[in-house]
Amino acid sequence: MSLGQMLLGFLEAEPRHGYDIKRLYDEHFGRDRALHYGQVYATLSRLLKNGLVVVEGVEAGSGPDRKRYAITDAGVTDLADWLAQPEDPQPYLQSTLYHKVVLAILTGRSATDVLDTQRAEHLRTMRELTRRKLTGDLADELICDHALFHLEADLRWLELTAARLDDLTARLTETPR
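A short tour of the structure in this document, coming up. Because the structure is predicted, anything quoted here is derived from the model rather than measured.

1. Re the overall build of the protein chain
Consideration 1: The helix and strand tally for the protein chain stands at eight helices and three strands.
Consideration 2: Walking the protein chain from its N terminus toward its C terminus, one meets helices and strands in the order α-β-α-α-β-β-α-α-α-α-α.
Consideration 3: In terms of C-alpha radius of gyration, the protein chain reaches 24 Å, well past the compact-globule figure of 16 Å for 177 residues.
Consideration 4: Along the first, second and third principal axes, the C-alpha atoms of the protein chain reach 75 × 45 × 30 Å.
Consideration 5: When contacts within the protein chain are restricted to residue pairs at least 6 apart in sequence, those whose partners lie at least 24 apart make up 51%.
Consideration 6: For the protein chain, the accessible area works out to roughly 12200 Å², and carbon and sulfur atoms hold 54% of it.
Consideration 7: With 22 positive and 28 negative side-chain charges, the protein chain shows a separation of 5 Å between the mean positions of the two kinds.

Have a look at this one:
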């Protein structure tokens, strides 16, 4: 995720204060992890330095002055370019779980136990996400569906690996010639 582009997206509709940007982020994306004010202001400072936003106004308040930020034409272009770029698919070619299976075999431990423990954890997480999906709004449904689809793929890998454990064990433990 690019926090800079996220903030630019919130500013494209209208100029906003950092507090308003944080509130919008938390409302739309921060259900599991809220954004810290420090992240907002550090990112706004970087966007300002790079000419992607400007300070449109400063209002005095009971605390520090409140700056209202507005997106620049360069910021609009940057946001449009970011939205148009596809995200790189993230294949997990060297996963920790695969490493655990191999090391269990190499150390004489049960790779089946590793896979069974992981399967149980995946199923527990899937039940939790399904409950959240059923009780949440459309954003929760979409977020949970994305996670559930990835967990389903992991479960398929767990089953396939379990079916191939004998072959993997033989390859890993055969003595070199």
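2. Details of the sheet that holds strand β3 (residues 66–71)
Consideration 1: One open sheet holds the three strands; their spatial order is β1-β3-β2, and the pairing between them is antiparallel. Where the open sheet ends on each side, the last strands, each with one partner, are β1 (16–17) and β2 (53–59).
Consideration 2: For β2 and β3, the ladder comprises six bridges, and the chain directions are antiparallel. Bridging across to β3, Glu 59 finds its partner in Arg 66.
Consideration 3: Those strands touched by helix α1 (residues 3–13) are β1, β2 and β3, and its axis lies near 90° from that of β3.

3. Quick notes on the side chain of Asp 26
Consideration 1: In this fold, Asp 26 is placed in helix α2 (residues 18–28).
Consideration 2: Of the polar contacts made by the side chain of Asp 26, one reaches the backbone nitrogen of Leu 35; its length is 2.8 Å.
Consideration 3: Ignoring anything within four residues of it in the chain, the contact list for Asp 26 reads Arg 31, Ala 34 and Leu 35.

4. Considering the nonpolar core
Consideration 1: Ranked by internal contacts, the top residues of the largest apolar core, which has 18 residues, are Leu 7, Leu 8, Leu 11, Ile 21, Leu 44 and Leu 47.
Consideration 2: Mapped onto this core, the elements with two or more residues apiece are α1, α2, α3 (37–49) and β3.
Consideration 3: Element by element, the count of residues in this core is highest for α1, at six residues.
Consideration 4: Apart from residues no more than four positions distant in its own chain, Ile 21 is found in contact with Leu 7, Phe 10, Leu 11, Arg 16, Val 40 and Leu 44.
Consideration 5: Counting residues in each nonpolar core, the second largest holds 15 residues, with Val 101, Leu 115, Met 126 and Leu 148 among its members.

5. Digging into the packing of aromatic side chains
Consideration 1: A complete count under the given rule lists three aromatic pairs for this structure.
Consideration 2: With centroids separated by 6.2 Å and ring planes inclined at 10°, the aromatic side chains of Tyr 19 and Tyr 37 adopt a geometry described as stacked. With Tyr 19 in helix α2 and Tyr 37 in helix α3, the pair connects residues that are 18 residues apart, well separated along the chain.
Consideration 3: A residue is classified by how much of its surface remains accessible, and Tyr 19, at 42% relative accessible area, is partly exposed.
Consideration 4: An angle of 50° between the planes, with centres 5.6 Å apart, marks the rings of Tyr 25 and Phe 29 as tilted.
Consideration 5: In this structure Tyr 25 comes out as buried when scored by relative accessible area, which is 7%.
Consideration 6: Members of the aromatic cluster, each reached through a chain of ring pairs, are Phe 10, Tyr 25 and Phe 29.
Consideration 7: Lys 22 extends its terminal NZ or CZ atom over the ring of Tyr 37, reaching a point 5.1 Å from the ring centre.

Reading the values: the criteria
Residues numbered from 1 in each chain as written. Predicted model: local features only at pLDDT ≥ 70, side-chain atom pairs only at ≥ 80, totals over all residues. Heavy atoms only, no water. Helix = DSSP H or I, 4+ residues; strand = E, 2+ residues; numbered from the N terminus. Rg over C-alpha atoms; globule rule 2.2 N^0.38 Å. Contact = heavy atoms within 4.5 Å. Areas by Shrake-Rupley, 256 points an atom, 1.4 Å probe, with all protein chains shown as cover. Lys, Arg positive; Asp, Glu negative; His and termini not counted. Charge placed at Lys NZ, Arg CZ, Asp CG, Glu CD. Pairing = 2+ DSSP bridges. Axes fitted to C-alpha atoms, helices over the stretch in contact; angles between N-to-C directions. Polar contact = N/O pair within 3.5 Å; in protein donor to acceptor, adjacent residues only side chain to side chain. Core = buried A, V, L, I, M, F, W, Y, C linked by side-chain atoms within 4.5 Å. Buried < 20%, exposed > 50% of the residue type's maximum accessible area, 1.4 Å probe, protein only. Phe/Tyr/Trp six-rings, centres within 6.5 Å; stacked < 30°, edge-to-face > 60°. Lys NZ or Arg CZ within 6 Å of the ring centre and 35° of its normal.

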